[in-house]
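Examining the three-dimensional arrangement
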Amino acid sequence: MKKYEHLLAPLKLAGLTLKNRMFSAPTSLAELGPDRHYTRENIEYYKLRALGGASVVPVGDTIVDESGSAHPQQVCINDPSAAPYFCAVADAIHAGGAAAAVQIDHGGALCTPEFIGGRNAMGPSGYIDAWGDEVVAMTEEQIFTIAEKYGEAAANAKKYGFDMVQIHAGHGWLIHEFISPLTNHREDKWGGSLENRMRFCLLVIEKVRAAVGRQFPVSVRISGSERVEGGYGLDTGVEIAKMLDGRVELIHVSAATQQIDESYAYMFPTVFMNDMENAGLAAEIKKHVKTPVASVGAFNIPDDMEKFMAESGVDAIAMGRALLADPFLPRKVMEGKSEEITPCIRCMECQNGMVQNRVVRCAVNPIIGRECDVFHPLPTYVHKKILVAGGGPAGMEAALVAKRRGHEVIICEESDRLGALRFADNDVWFKRPMRRWRDSQIAKIGRAGIEVRLNTRVDKTVVEQIRPDVLIIAVGSEPFAVPVPGHNGRNVVFGAHITPETKIGKRVVIIGGGFIGVEEAIALSHDGHEVTILEMQTELAKEAGPMYKIGLFRQLRESGAVTRALGMRCTRIDEHGVYAEDAAGKEVFYPCDTVVMAAGMRSRAAEVDALRPLVNEYYVIGDAGNPGKIMNANRDAYDAVTALGYM
């Protein structure tokens, strides 16, 4: 308790006392049932967060009216048919030991006709959006009607058994659209000065308060700064908070607006940004208000969170992605087991999955997306002796899952240490979360008492000596070298093998413009190198997810000395540089001191094939089967092990 006295202190909000200061951030769901209501999986997603120790778990992105639907994962809390589902969610959160909250909002101008019955979206001001759809300016009658809908939503939340309601007044949704000079160009009493632009927000609070009374906590989430040119800054964020002071029980300070992609990167701070990226916004706002203040945005490390709260006076921390990576983070803090926390690597796989496929996945937590496995796990009837060949990400996760399920596990790793991911050892700021996660996995292997044999390559002799029931082949992959003259020259290095000891010249050509090549270009440019990315396709990082690209390309633009050579095919390399051809066959020479191969990875197929016949039961996981991301490696590992003891 003494170590985390701020994080673990109770917090009283009106008639509700929260058991600690660690909140689950309100998060959207990936997919609803076919009737646009919560499914069993949705409900257990929220229950898992509650079970993990968060003091309050809000249901995110609940809309107050069907006209406010911006995407198909939103439930309208004022739809009578949704009542039993909301009751079930509140019950599940309570069963997990947390207070239950509902975030209420309206998509405003961000809605699309597809999701609102073919109607035009409405906002404070009219315009044509990026998709060519018309947004119509709200009439005063519509303004009052929607404000009443917020009050109705809050009353329903209370009726359905929730303990708290959060009004979303940030991130570019309707209330924020009224507040922001980017989107509010009205000339009546609802626009112009900040006092006028805040009028709708204060009206909503008035309606909500009238619906729930003084003993039911009301929180307002704001963007403390829009963090984009033309948008408002922290000085305005402070003034917004002052207008909210005393009207609500909690001011929840986030950042940014979905109206502009550049700003969006601050809403969910990318790996290229600092830990606790938006903490300064809440810290400054706290100086000017008496109302409790919560901060959100890339919080992950309990020691840092505790220090921030102690120094800033901020009253609570909300976590979104951190509780995907490890839903039990708060419980581990409470139990003095913070060293066992699985840290978020801020890779944006969760966001990418929602945008691309309407699924939520987590790179470092294979349970996410199938939370039912936590509450209804596949039983282990037969315990087996498992040999894991390879101690990289997939091998370590397989070993940990197998050990938890009661199997006997031995890991053999051909190098002198577990973990692989040697590039994470470079002192590159955006690889520190990756290194933190890798090292946490290694530490877990040690605490679990799993037998590890380093400098041991699995072959027939090793298998015959250990005599496993199951062989899990996780031998990883190797970099692909573009087969051109000079590809093995002394001036050629592989991006995956660059370590702090690797000598890199001033001028660098990177062959391959996938996201690994782009990341390497950013890192080298940051260290003062002049970099050219040579890519056969006409776009960079084509395979990277859309939400990751926002941060990646923003960082690339800010990196300075990076030249893009797209649509160029490398033809040969010599000691002076790289020769390439464009689509018309014209040759271009790129002088450089060092060539970095970042043309992809390939599985160690020959090694895998040699291991297959050595046992009756085997599984090929991670890059050994198909080179991919850490998420694929971890999910492969989980899938391979969970069915092992079933028969």
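Here the structure is shown first, and the text comes after it.
Description of the structure in this document. (Residues numbered from 1 in each chain as written. Predicted model: local features only at pLDDT ≥ 70, side-chain atom pairs only at ≥ 80, totals over all residues. Heavy atoms only, no water.)

1. Details of the overall build of the chain
Along the chain, the regular secondary structure elements total 21 helices and 28 strands. Taken over the C-alpha trace, the chain has a radius of gyration of 26 Å; the compact-globule value for 647 residues is 26 Å, and the two agree within 12%. Reported as C-alpha extents along the three principal axes, the dimensions of the chain are approximately 75 × 65 × 50 Å. Pairs at least 24 apart in sequence give 70% of the contacts found in the chain among residues at least 6 apart. (Helix = DSSP H or I, 4+ residues; strand = E, 2+ residues; numbered from the N terminus. Rg over C-alpha atoms; globule rule 2.2 N^0.38 Å. Contact = heavy atoms within 4.5 Å.)

2. Things to note about the pairing of strand β8 (residues 134-137)
Here strand β6 (residues 121-123) pairs with β8 via 3 bridges, running parallel. Within β8, the position partnered with Gly-123 by the bridge is Ala-137. Inspection of the sheet shows strand β7 (residues 127-128) paired to β8 by 2 bridges, in the antiparallel sense. If you follow Ile-128 over to β8, its bridge partner there is Glu-134. In sequence, β7 turns back onto β8 through a hairpin of 5 residues, with Gly-132 there showing a positive phi of about 85 degrees. (Pairing = 2+ DSSP bridges.)

3. Here's the deal with the nonpolar core
Among the nonpolar cores identified, the biggest contains 144 residues, and Ile-104, Tyr-150, Phe-162, Ile-167, Phe-200, Val-208 and Leu-244 are the most heavily contacted of them. Here this core gets 8 residues from one element, more than from any other, and that element is helix α6 (residues 199-212). Filtering out sequence-adjacent residues up to four positions away, Leu-244 remains in contact with Met-198, Cys-201, Leu-202, Ile-205, Val-220, Ile-222 and Ile-251. Counting 26 residues, the second largest nonpolar core, distinct from the first, contains Ile-367, Ile-386, Val-388 and Ala-402. (Core = buried A, V, L, I, M, F, W, Y, C linked by side-chain atoms within 4.5 Å. Buried < 20%, exposed > 50% of the residue type's maximum accessible area, 1.4 Å probe, protein only.)

4. A word on helix α1 (residues 40-51)
Between the first and last C-alpha of α1 there are 16 Å, a value that for 12 residues agrees with the 16 Å anticipated at 1.5 Å per step. In the core, the buried residues of α1 are packed alongside β3 (22-24), β4 (56-63), α2 (83-95), β13 (316-319), α11 (321-325) and α14 (372-375). Gly-53 occupies a position one or two residues after α1 and carries a positive phi of about 110 degrees. (Expected span 1.5 Å × (residues − 1).)

5. Quick word on the side chain of Asn-42
One can find Asn-42 in helix α1. We classify Asn-42 as buried; its relative accessible area is 6%. The residues touching Asn-42, leaving out its near neighbours within four places in the chain, are Leu-29, Glu-31, Leu-32 and His-37.

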